[in-house]
Amino acid sequence: MARPHIEPFVDRDVGFKKLNLPGFKKGVHYKMLSMDKETGACTMTVQYDAGFKQPPGFSYSEVEIFLQEGHLMIGDKRCEKGTYIFAPAGTSLPAMSTDEGCLALVFYNFGPPSFQESDADHDKADKSQKRTMVDSYFGMDWQVPTLFPQTAPGCLLKILHLDPKTFAMTFLYCMTPGFWQDNISYHDVAEEAYHIWGTSWMMQFGDLPTGGYFYRPAYINHGCFRSDLGILAIGRTDGDLHNYFHHDPFSTPEENHHRAAAKLARMKPALYQWILTNEHNHLPHDFEYPNDTYDTSGYDSGIHMHDDGSSHSHKSNGPHSHLNQKKKAKK
Ligand SMILES: [Fe+2]
């Protein structure tokens, strides 16, 4: 997943556009929150107009839908706000309709928005995961996070989806009124989040209100945090979320990379040593998943770092010179 760093962005500041891609029915409007310009993978706020109807069908991408406002009929089930749906790529969803209209958040994780009418799964549908639908507001309890190191007390989670191979995770989270956390975080993975309700403050990027969104590539500092009245939000990572905490507001993404690698060497020296020395250029192999390959040479984290600590995504900005950054670093 390579998308540029977008933070903060507030969807209330922009208007809806009509979604008129082939396959989609009339009555879908969207606000683009983030997009991978190479693959088309994206996250959107979506308005389904009153009277919208869609037959059974699938997307060529893994798709997640979170219902924020209104009602949505999925098959013969009337879904309330807080309904969360996970559909692996190529998995057919029942017919959808809404009489009064509804507002949703829609994630196309590996490809552009697509819809193919079909009441059966695609021949090559991803069978490694199951389609799920859950009432996240009333059908699940809040949990104290079991991720270590832990966030400060008052940040609670509901895990909506966990990819069994990558531990990529989609989750509802809340900050209770008066929440505060006095350290700085970064992760090895990209994370994105959307404020369903409420405002929180963060040292680097200020207030994020209702409708606020960020897409944050790995190793970018975020925090301290606080929220006076609390927030309700939905978040997603593209891999295993580890909280690296520290208190240096000036550490760069490069330094954060180094610190993460040092931590790996310290905590798992046998693995670290094996990665460094074992038959260079041979890809790791998992006997549990013999058909999977792990060639990360083309991985684009969505961010590129310079010596002066500035960072940006090459792929999103296109070819460019580094002269300015070098001059700046010499000053
Ligand atoms: Fe984070």
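Residues numbered from 1 in each chain as written. Predicted model: local features only at pLDDT ≥ 70, side-chain atom pairs only at ≥ 80, totals over all residues. Heavy atoms only, no water.

Turning to the overall build of the protein chain, a few remarks are in order. From N to C terminus, the protein chain includes 4 helices and 27 strands. For the protein chain, the proportion of its 331 residues judged to be buried stands at 46%. Of all intrachain contacts in the protein chain linking residues separated by at least 6 positions in sequence, the fraction that spans at least 24 positions is 69%. With an accessible surface of roughly 17800 Å², the protein chain has 56% of that area assigned to carbon and sulfur atoms. (Helix = DSSP H or I, 4+ residues; strand = E, 2+ residues; numbered from the N terminus. Buried < 20%, exposed > 50% of the residue type's maximum accessible area, 1.4 Å probe, protein only. Contact = heavy atoms within 4.5 Å. Areas by Shrake-Rupley, 256 points an atom, 1.4 Å probe, with all protein chains shown as cover.)

For the iron ion, the full set of protein donor atoms is His187 (NE2), Glu191 (OE), Glu191 (OE) and His222 (NE2), at a range of 2.1 to 2.7 Å. Taken together, the 4 donor atoms coordinating the iron ion and their angles of 52 to 133 degrees define a geometry best described as irregular. Counting residues between consecutive donors of the iron ion along the chain gives the motif H-x3-E-x30-H. With Glu191 in strand S19 (residues 191-198) and His222 in the loop between strand S22 (212-216) and strand S23 (225-227), the pair connects residues that are 31 residues apart, well separated along the chain. Overall, Glu191 belongs to the buried group, its relative accessible area being 10%. (Donors = N, O, S within 2.8 Å, 3.2 Å for Na, K, Ca; no water. Tetrahedral: all angles 85-135°; square planar, octahedral: opposite > 155°, others 65-115°.)

Moving on: the environment of Ala218. Along the chain, Ala218 turns up in the loop between S22 and S23. Note: C-alpha distance between Ala218 and His257 (39 residues apart in sequence) is 8.8 Å.

This part takes up the side chain of Ser136. You can see Ser136 is positioned in the loop between strand S14 (132-135) and strand S15 (155-162). Ignoring anything within four residues of it in the chain, the contact list for Ser136 reads Phe66, Gly82, Lys158, Leu160 and Leu172.

A few words on the sheet that holds S23. A sheet is described by the order of its strands in space; here 4 strands give the open sequence S17-S23-S20-S21, paired in antiparallel fashion. Only two strands of the sheet have a single partner each, and these edge strands are strand S17 (179-181) and strand S21 (206-208). Adjacent strand axes in the sheet meet at a mean angle of 20 degrees, parallel and antiparallel pairs treated alike. Where S17 lies against S23, 3 bridges are found, and the strand directions are antiparallel. Counted as the bridge partner of Gln181 is Phe225 from S23. (Pairing = 2+ DSSP bridges. Axes fitted to C-alpha atoms, helices over the stretch in contact; angles between N-to-C directions.)

For the protein chain, mean pLDDT is 90; residues scoring 70 or higher make up 89% of the total. Note on residues 315-331: pLDDT under 50 across the span, and 18 contacts to partners over four residues away in sequence or across chains. (pLDDT = per-residue confidence, 0-100.)

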